[in-house]
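Architecture at a glance
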Amino acid sequence: MTANELIKMIDTSGDLEFSLREKKYTILCWYHEGPNVAEQVTEDNQRVFPDGKALVNGYIINGKPLASQMNDFKIISVN
C-alpha cells in the first residue's frame, strides 16, 4: 500500500485498523474534528488531524512519520 492509497482510505472510510511493528492502531475516519488515531488498548499517542493527508504525513510512530513507514504497514480491517 502506498501513502496516497492510505490517504484515500482515511478520507472515505469509517473505521480503519492497522498494525505497524507489533503494535495495533485504530483510525476513526468519521470523527467530527477529522480523523482520530491512537494505539489500540492503551490509547497512547492519540491525535486528531484535519484530513487523511495530514494524518499520514504528521502522525509520528517511533520517531518517524507514518508515510515513511509504509513498507511495514499492514491493514487489519476497514469498516
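Residues numbered from 1 in each chain as written. Predicted model: local features only at pLDDT ≥ 70, side-chain atom pairs only at ≥ 80, totals over all residues. Heavy atoms only, no water.

**With respect to the overall build of the chain**
Regarding its fold elements, the chain presents two helices and seven strands. Taken from the N to the C terminus, the helices and strands of the chain come in the order α-β-β-β-β-α-β-β-β. Here the chain has a C-alpha radius of gyration of 11 Å; the compact-globule value for 79 residues is 12 Å, and the two agree. Overall, the chain is about 30 × 25 × 20 Å in size when its C-alpha atoms are taken along their principal axes. Within the span of the chain, comprising 79 residues, buried residues form 35% of the whole. (Helix = DSSP H or I, 4+ residues; strand = E, 2+ residues; numbered from the N terminus. Rg over C-alpha atoms; globule rule 2.2 N^0.38 Å. Buried < 20%, exposed > 50% of the residue type's maximum accessible area, 1.4 Å probe, protein only.)

**Things to note about the pattern of salt bridges**
Counted by the stated rule, this structure contains two salt bridges. As a salt-bridge pair, Asp72 and Arg21 come within 2.6 Å of each other at their nearest N and O atoms. You can see Asp72 sitting in the loop between strand 6 (64-65) and strand 7 (73-78) and its partner Arg21 sitting in the loop between strand 1 (15-20) and strand 2 (23-28), a full 51 residues away along the chain. Given a relative accessible area of 37%, Asp72 falls into the partly exposed group. (Salt bridge = Lys/Arg side-chain N within 4 Å of Asp/Glu carboxyl O.)

**Quick notes on the sheet that holds strand 3 (residues 36-39)**
If you trace the five strands from one edge of the open sheet to the other, you get 4-3-2-1-7, paired in antiparallel fashion. The open sheet terminates on both sides in strands that have one partner only, identified here as strand 4 (47-48) and strand 7. For strand 2 and strand 3, the ladder comprises four bridges, and the chain directions are antiparallel. Paired with Ile27 across the two strands is Val37, which belongs to strand 3. In the packing of helix 1 (residues 3-12) onto the sheet, the strands contacted are strand 1, strand 2 and strand 7, and the crossing angle to strand 7 comes to about 25°. (Pairing = 2+ DSSP bridges. Contact = heavy atoms within 4.5 Å. Axes fitted to C-alpha atoms, helices over the stretch in contact; angles between N-to-C directions.)

**What about unusual backbone geometry?**
With a phi close to 50°, Arg21 is a non-glycine residue in the positive phi region. In this model, Val41 sits at a positive phi of 70°, which is unusual for a non-glycine residue.

**Details of a nonpolar patch on the surface**
A grouping of Met1, Ile75 and Val78 is seen on the molecular surface, where their side chains present a nonpolar patch of about 220 Å² in accessible area. Mapped onto the elements, Met1 comes out in the segment before helix 1. Relative accessible area serves as the criterion here: at 43%, Met1 is assigned to the partly exposed category. (Patch = residues over 30% accessible without salt bridge, like charges linked within 9 Å, V, L, I, M, F, W, Y side chains within 5 Å. Areas by Shrake-Rupley, 256 points an atom, 1.4 Å probe, with all protein chains shown as cover.)

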